[in-house]
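# Chains, contacts and geometry: an overview
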Amino acid sequence: GAGVSQTPSNKVTEKGKYVELRCDPISGHTALYWYRQSLGQGPEFLIYFQGTGAADDSGLPNDRFFAVRPEGSVSTLKIQRTERGDSAVYLCASSIPGGGSGNEQFFGPGTRLTVL
Amino acid sequence: GQSLEQPSEVTAVEGAIVQINCTYQTSGFYGLSWYQQHDGGAPTFLSYNALDGLEETGRFSSFLSRSDSYGYLLLQELQMKDSASYFCAVRPQTGANNLFFGTGTRLTVIP
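Presented here is an overview of the structure given in this document.

### Things to note about the overall build of chain B
- In terms of helices and strands, chain B carries zero helices and eleven strands.
- Secondary structure elements in chain B, listed N-terminal to C-terminal, are β-β-β-β-β-β-β-β-β-β-β.
- The C-alpha atoms of chain B give 13 Å as radius of gyration, which agrees with the globular expectation for 111 residues (13 Å, within 12%).
- The principal-axis extent of the C-alpha atoms belonging to chain B is close to 45 × 30 × 20 Å.
- When each of the 111 residues of chain B is scored for burial, the buried share is 49%.
- Sequence separation of at least 24 residues holds for 57% of the intrachain contacts in chain B that already meet a minimum separation of 6.

### A closer look at the interface of chain A and chain B
- Taken together, the contact between chain A and chain B spans 20 residues of the former and 18 residues of the latter.
- Here chain A meets chain B over a buried area of about 1500 Å², counting both sides, of which 55% is carbon and sulfur.
- At the boundary of chain A and chain B, one finds zero salt bridges.
- Summed over the shared surface of chain A and chain B, the result is three residue pairs in polar contact (both at pLDDT 80 or more).

### Overview of unusual backbone geometry
- Following Thr7 of chain A, the chain continues to Pro8 of chain A via a peptide bond in cis, the omega torsion being -10°.
- Relative to the assigned elements, Pro8 of chain A resides in the loop between strand 1 (5-7) and strand 2 (10-13).
- The backbone of Arg81 of chain A shows a phi angle near 45°, a positive value even though the residue is not glycine.
- Along the chain, Arg81 of chain A turns up in the loop between strand 8 (75-79) and strand 9 (88-95).
- The backbone of Ser69 of chain B shows a phi angle near 50°, a positive value even though the residue is not glycine.
- Here Ser69 of chain B lies in the loop between strand 7 (60-65) and strand 8 (70-75).
- Classification of Ser69 of chain B as partly exposed rests on a relative accessible area of 27%.

### Thoughts on the environment of Val13 of chain B
Residues and elements named next belong to chain B.
- Its location among the elements puts Val13 in strand 2 (residues 9-13).
- Taking the relative accessible area as the measure of exposure, Val13 reaches 42% and is therefore partly exposed.
- What Val13 contacts, discounting residues up to four positions off in sequence, is Leu78, Val109, Ile110 and Pro111.

### Some remarks on the packing of aromatic side chains
- Under the defined criterion, the tally for this structure stands at 13 aromatic pairs over all chains.
- Put simply, the rings of Tyr33, Tyr35, Phe45, Tyr48 and Phe107 of chain A together with Tyr35, Phe45, Phe87 and Phe101 of chain B touch in pairs and so form one group of aromatic residues.

### Considering the side chain of Ser33 of chain B
- Residue position: Ser33 of chain B is located in strand 4 (residues 29-37).
- Since its relative accessible area comes to 0%, Ser33 of chain B is described here as buried.
- Dropping the residues within four chain positions of it, Ser33 of chain B is found in contact with Asn103 of chain A together with Phe45, Ser47, Tyr48, Phe87, Cys88, Ala89 and Leu99 of chain B.

### Observations concerning the pairing of strand 2 of chain B
All names here are of chain B.
- Of the two faces of strand 2, only one is covered, namely that formed by Val10 and Ala12; the face formed by Glu9, Thr11 and Val13 stays uncovered.
- Where strand 2 lies against strand 11 (residues 105-110), five bridges are found, and the strand directions are parallel. Following the sheet pairing, Ala12 is matched in strand 11 by Val109.

### As for the sheet that holds strand 3 (residues 19-24) of chain A
Residue and element names in this part refer to chain A.
- Overall, antiparallel pairing links the four strands, which are arranged 1-3-8-7 in an open sheet. Strands with a single pairing partner mark the edges of an open sheet, and in this sheet they are strand 1 and strand 7 (65-68). Adjacent strand axes in the sheet meet at a mean angle of 15° when their direction is disregarded.
- Pairing of strand 7 with strand 8, which is carried by four bridges, proceeds in the antiparallel orientation. The residue of strand 8 that forms the bridge with Val68 is Thr76.

### Looking at the layout of surface pockets
- Its volume calculated, the largest pocket comes out at about 580 Å³.
- Taken together, 29 residues form the lining of the largest pocket, with Gln37, Ser38, Leu39 and Gly40 of chain A together with Gln37 of chain B sitting closest to its centre.
- Of all the secondary-structure elements, those providing two or more residues to the lining of the largest pocket are strand 9 and strand 11 (111-115) of chain A together with strand 9 (84-92) and strand 11 of chain B.
- Of the residues contributing to the lining of the largest pocket, the split by class is seven nonpolar, 18 polar and four charged.

The rules behind these values
Residues numbered from 1 in each chain as written. Chains lettered and ligands numbered in written order. Predicted model: local features only at pLDDT ≥ 70, side-chain atom pairs only at ≥ 80, totals over all residues. Heavy atoms only, no water. Helix = DSSP H or I, 4+ residues; strand = E, 2+ residues; numbered from the N terminus. Rg over C-alpha atoms; globule rule 2.2 N^0.38 Å. Buried < 20%, exposed > 50% of the residue type's maximum accessible area, 1.4 Å probe, protein only. Contact = heavy atoms within 4.5 Å. Buried area = accessible area lost by both parts, 1.4 Å probe. Salt bridge = Lys/Arg side-chain N within 4 Å of Asp/Glu carboxyl O. Polar contact = N/O pair within 3.5 Å; in protein donor to acceptor, adjacent residues only side chain to side chain. Phe/Tyr/Trp six-rings, centres within 6.5 Å; stacked < 30°, edge-to-face > 60°. Pairing = 2+ DSSP bridges. Axes fitted to C-alpha atoms, helices over the stretch in contact; angles between N-to-C directions. 1 Å grid on protein atoms, 1.4 Å probe; cavity = no way out; pocket = protein on both sides within 12 Å on 5 of 7 lines; lining within 4 Å. Points joined across faces, edges and corners; volume = space filled by probe spheres on them. Nonpolar A, V, L, I, M, F, W, Y, C, P; charged D, E, K, R; others polar.

Okay, here's the thing in structure tokens:
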């Protein structure tokens, strides 16, 4: 079946602009996660949804970052007043609740955000 | 806090065996996972150790020793397509279901 999809694959914006990144998880996966990955580093957790609610947003770096999942499926990560330091690959992952016996998360291909 | 340290780069010959180590400092976690990521690609799940010991999945094996705060991924019969970055990760007991990733090891397989 279809995996996790993310759009756009690349986004170039100017400093100070607003961007939205979209994630479409695997059908039936109630858990959804956003991570950010800088070059040469591991993914860094941003926010976790269980269903429609944000169960843990402790990884969001500041209040310019916000994410929603209004119907418990598609999620949108929103970044206001973008800064050059926000440039990274934004990864979305989904899983069954708790990740199952293997604690497996299924990742999308990411959105590469470049802030000029 | 959490920290998972890995060697930054490893080079190995096609057909050989390579071990990628992960040493960690964490207040508590549910298990150690390993993910593979090719350049420009998505991280993909390889293996998970909930308990101490060895888990084998085809050419890949993973080991965990909680008493030594140490784990490793073992890749056998290396193929060129195994050239990628490999990350260990834990699900902290203090968090939700998020993964905390290590620093990553870039494996290069040479002919």
